[in-house]
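Survey of secondary and tertiary structure
One letter stands for each residue in the lines below.
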Amino acid sequence: MPPVDVRATVISNVRLSRDYNVLTIAAPEVGALTEPGQFVMLKTTDASDPMLRRPFSVFEVLRDDLGTVRAISILNKRAGRTTGLIYGLEAGDPVWCLGPLGLPFNPPSSGAAWMVAGGVGLAPFATLAEALVALQVPTTLFYGARTADELYYLEFFDRLGVTLVLTTEDGGAGVQGRVTGPLEESLKGLGGPNLVTIYACGPEPMLAAVARLAERYGQPSEVSMERTMGCGLGGCYSCVVPVKHADGETRYVRSCIGGPVFDGATVVWE
Amino acid sequence: MTALDMSVRIGSLVMPNPLMAASGCFGYGLEYEDVVDLSTLGGVVSKGLFLAERQGHKPERIAETPSGMLNAIGLQGIGVHRFISEKLPLLRERKARTIVNICGTTLDEYVEVARILSDAEGVDALEINISCPNIKEGGIQFGCSLDGTFSVVSAIRKVTTLPVIPKLTPNVTSPASFARAAEDAGADAISLVNTFLAMAIDVEQRKPKLSNVVGGLSGPAIRPIAVRMVWECRQEVKIPIVGMGGIMDHRDVLEFMIAGANAVQVGTANFVDPFIWAKLLDGLTDYMQRHQITRLADLVGALDTTSPAKAHA
Ligand SMILES: Cc1cc2nc3c(=O)[nH]c(=O)nc-3n(C[C@H](O)[C@H](O)[C@H](O)COP(=O)(O)OP(=O)(O)OC[C@H]3O[C@@H](n4cnc5c(N)ncnc54)[C@H](O)[C@@H]3O)c2cc1C
Ligand SMILES: Cc1cc2nc3c(=O)[nH]c(=O)nc-3n(C[C@H](O)[C@H](O)[C@H](O)COP(=O)(O)O)c2cc1C
Ligand code: FES
C-alpha cells in the first residue's frame with residue numbers, strides 16, 4: 001500500500017517521565033494501513049528548521065468501540081531536536097505524519113514468539129503483541145530498562161496475556177543486568193532448534209547480542225534496526241545496514257525499504 | 001483561458017514542465033512510483049552511476065544543519081549494467097523521462113559509461129557529474145579545473161547523440177567560467193548547483209557528524225548562493241540552464257527561472273515532502289494565471305535589475 005501524508009492533530013501527549021512520552025495523533029489513515037514493525041516519518045513544523053522528518057515506530061493503533069481506527073500513538077524518547085519538540089507538543093498542535101513505511105515483522109511460521117525490547121525499543125511490540133495474540137501464538141516479552149520507572153505499559157502486555165520477563169540495570173525491578181541474561185537462560189532451556197521466533201528492538205549492541213544468541217541456539221530472529229533516515233522512502237541512501245546476501249557478498253541495504261526489520265542472521269554487525 | 005505551456009526543450013529532450021527530480025534524492029525513480037506518477041515530472045535524474053557497483057561510505061551519511069543537510073553517501077550505486085537491465089525497462093514502462101547522472105574516476109570511465117548508456121533504449125539525456133564533493137578520486141577533479149571540464153564534456157560529446165548536461169560544482173570562485181567551458185565543449189545544457197563542501201561537528205564527542213568527515217550541503221540554506229550562480233551563468237552562456245539548490249516550493253522554482261534557469265531540479269525538498277510535485281505544479285499554474293503568462297519559458301531570465309523590488313509592494 002502506498003504511504004499517505006497527513007497533517008494530524010495531537011489528541012494527547014502523556015509524559016511518562018522526564019525523557020519519555022506517549023504522543024497520540026489523529027492519523028487514522030496511517031493507522032488503518034499499519035502492520036506491526038512499520039514506522040512513520042514525523043515533523044512538528046512546516047518551517048525549514050528543523051527540516052527533515054524523523055522515523056518513529058507506530059506504538060499503538062487506537063480504535064473506537066466499533067473497531068474503527070481513530071488514531072495512532074508514538075512512544076517517544078528525547079534524544080535531540082525533534083524528539084525534544086515532540087516531548088513538548090500539546091493537544092491541538094499539528095504533526096506531519098508520513099506512513100506507514102518499511103517492512104513489518106513476519107509472524108512465526110510455528111512455535112512461540114519472544115519479543116526482546118531495550119528501552120524505547122519497546123515501541124514496535126505493542127502492535128506486534130496484539131497481532132500475535134490474535135493468531136494465538138504464545139508470546140513472551142523480555143524487556144530491559146535502566147530503572148524500574150522506565151518500564152512502561154506492563155499492564156497493557158499483561159492484559160493481552162503476554163508473559164513478562166523484566167530486567168533493570170539497577171535491579172529496581174525484575175532481574176538485575178541486561179535483558180540478554182534471562183534471554184540466554186530461556187534459550188538454554190529449549191529442547192531444540194526452531195521452537196521460537198525472536199523479535200528484537202533496541203540499542204544496536206543489544207540487537208547484535210540477541211541475533212548471536214538466536215543463532216547459537218538455532219532459533220530464527222528478526223531485528224528492527226535504527227538508522228539516521230533522511231527520507232524513509234529509498235530516495236537518499238542515508239539509512240544503510242550491511243547485509244550478507246545469498247551470493248555470500250555483503251552489501252549495504254537501505255533500511256527504510258529493505259527494513260527496518262531484518263533477518264538477524266543476515267545483518268553484518270560492526 | 002488558453003492552455004498553459006510549461007514545456008522545456010533541451011536538445012532532443014522535451015519535457016512537459018520544468019520540474020525534475022535531482023540526482024541522489026529520488027533513488028532510481030521507481031522507489032517513488034507509489035507516491036507520484038513518474039510521467040508527470042519533467043524528468044527523473046537517476047542516482048549517480050559508475051561502470052561498476054559501489055558500496056559508498058559507512059554511516060553516518062547525513063546530518064541535518066540549519067535549514068539544510070550534509071550528505072556524504074559516497075555514490076553507492078548498482079552500476080550502469082544493472083541499471084540498464086533492472087531499472088530502465090521499468091522507467092520506460094512508467095513513461096518517465098530518464099536522465100542518467102554519470103560518474104567516473106577517469107576520463108575513460110566517463111566515456112565508457114556514456115557510450116553504454118547511449119546504446120541503451122530509454123535514456124533521454126546524460127547529466128555529467130563532475131561535481132560530487134564526496135569521493136576522493138575523479139569527479140570533482142574534472143569539475144574544479146576548466147581544462148578538465150572541457151575535456152570530459154568534449155570526450156563524451158564525441159560518443160553520444162543524447163543531450164549532454166554537465167553538472168557544475170559551486171565549490172569554485174566563478175561557476176560561470178565553467179559554464180563557458182562546458183558550452184564551448186559542446187554541452188546541450190548545464191545544471192547547477194551540486195552541493196557545497198561543508199562539515200558539522202558533535203562538540204560533546206568532538207567528532208565529525210559524518211563518517212567521511214566532510215560532506216555536501218543542500219537545502220534552503222544554499223538557495224540564495226545557487227540563485228546568484230545561475231544568474232551569473234545566464235549572462236555567460238546561451239545554452240539552457242537547469243537550476244537547483246534548496247527549492248522548497250513553487251516560488252523558489254520561479255526564482256531560479258527568473259534568474260535564468262530553463263528547468264529546475266528538486267532534491268532535498270523531496271525528502272521533506274514526497275508529495276511536493278503536484279503542489280509545485282499547482283503553484284506554477286496559479287502564478288501563470290495571476291500574471292497572465294501562457295508560456296512559462298517567457299519567464300526565463302526575466303529579471304529586471306533596473307531597480308530593486310519594492311519592500312512593501
Ligand atoms: C525505524 C525507526 C524507528 C524508530 N522508532 C522510535 C520510536 O518509536 N521512539 C523513539 O523515541 N525513537 C525512535 N527512533 C529513533 C528516532 O528516530 C531518533 O531518536 C530521532 O531521529 C532523533 O531525532 P532528533 O531530532 O531528536 O535528534 P537530532 O537532533 O537529530 O540528534 C541526532 C542524535 O544526536 C544525538 N543528540 C543530539 N542532541 C543531543 C542532546 N541534546 N543530548 C544528547 N544527544 C544528542 C543523539 O544521539 C541523537 O539521536 C526510531 C528510529 C528508526 C530508524
Ligand atoms: C543525499 C543526497 C545525495 C546526492 N547524490 C547526488 C548524486 O549522486 N549525483 C549528483 O550529481 N548530485 C547528487 N546530490 C546533489 C543534488 O542532486 C543537488 O544538486 C543538491 O542536493 C542541491 O539541490 P537541493 O538543495 O534541492 O537538494 C545529492 C544530494 C543529496 C542531498
Ligand atoms: S531514509 Fe532515505 S533511503 Fe532510507
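On a predicted model such as this, the values are computed, not experimentally measured, just so you know.

Analysis parameters
Residues numbered from 1 in each chain as written. Chains lettered and ligands numbered in written order. Predicted model: local features only at pLDDT ≥ 70, side-chain atom pairs only at ≥ 80, totals over all residues. Heavy atoms only, no water. Helix = DSSP H or I, 4+ residues; strand = E, 2+ residues; numbered from the N terminus. Expected span 1.5 Å × (residues − 1). Bend = angle between axes of the 7 residues up to and from the residue. Buried < 20%, exposed > 50% of the residue type's maximum accessible area, 1.4 Å probe, protein only. Contact = heavy atoms within 4.5 Å. Near = heavy atom within 4 Å. Polar contact = N/O pair within 3.5 Å; in protein donor to acceptor, adjacent residues only side chain to side chain. Areas by Shrake-Rupley, 256 points an atom, 1.4 Å probe, with all protein chains shown as cover. Nonpolar A, V, L, I, M, F, W, Y, C, P; charged D, E, K, R; others polar. Domains from an automatic or database assignment. Axes fitted to C-alpha atoms, helices over the stretch in contact; angles between N-to-C directions. Parallel < 35°, antiparallel > 145°, perpendicular 65-115°, else oblique. Pairing = 2+ DSSP bridges.

1. Observations concerning helix H1 (residues 79-93) of chain B
All names here are of chain B.
- Compared with an ideal rise of 1.5 Å per residue, which puts 15 residues at 21 Å, H1 spans 21 Å between its outermost C-alpha atoms and is within 8% of the ideal.
- Considering bend angle alone, the principal kink of H1 is centred on Lys-87 and spans about 40°; proline Pro-89 follows within four residues of it.
- Among the residues of H1, those classed as buried are Gly-79, Val-80, Phe-83, Lys-87, Leu-88 and Leu-91.
- Packed against the buried residues of H1 are strand E7 (98-102) and helix H2 (107-119).
- Looking one or two residues past H1, Lys-95 carries a phi angle of roughly 60°, positive in sign.

2. Here's the deal with the site of ligand 1
All names here are of chain A.
- Contacts to ligand 1 come from 18 residues, most closely from Pro-55, Leu-75, Lys-77, Thr-82 and Thr-83.
- Residue Arg-54 places a side-chain N or O atom 2.9 Å away from an oxygen atom belonging to ligand 1.
- Ala-79 is positioned with one of its backbone polar atoms (N or O) 3.1 Å from a nitrogen atom of ligand 1.
- When the free accessible area of ligand 1 is taken as 950 Å², the share hidden by the protein chains comes to 64%.
- Broken down by element, the residue count for the shell around ligand 1 peaks at 4 residues, all from strand E4 (residues 54-57).
- By residue class, the composition of the shell around ligand 1 is 8 nonpolar, 5 polar and 5 charged.
- A domain split of the shell around ligand 1 shows at least three residues from each of domain 1 (4-101) and domain 2 (112-226).

3. Some points on the packing of helix H6 (residues 223-236) of chain B against helix H7 (residues 250-259) of chain B
Residue and element names in this part refer to chain B.
- Taken N-terminus to C-terminus, the directions of H6 and H7 make an angle of 25°; their axes are 8 Å apart at the nearest point. In terms of axis orientation, H6 runs roughly parallel to H7. Between H6 and H7, the contacting residues are Arg-223, Ala-226, Val-227, Val-230, Trp-231 and Arg-234 on the first element and Asp-252, Glu-255, Phe-256 and Ala-259 on the second.
- Class assignment of the residues belonging to the contact of H6 with H7 gives a composition of 6 nonpolar, no polar and 4 charged.

4. Considering the sheet that holds strand E2 (residues 20-25) of chain A
Residue and element names in this part refer to chain A.
- Read across the open sheet, the 7 strands follow the order E4-E3-E7-E1-E2-E6-E5; overall the sheet is antiparallel. The open sheet terminates on both sides in strands that have one partner only, identified here as E4 and strand E5 (60-63). Each strand axis lies, on average, 40° off the axis of its neighbour in the sheet, ignoring direction.
- Relative to strand E6 (residues 69-77), E2 runs antiparallel, the two sharing 6 bridges. Residue pairing across strands places Asn-21 opposite Asn-76, the latter belonging to E6.

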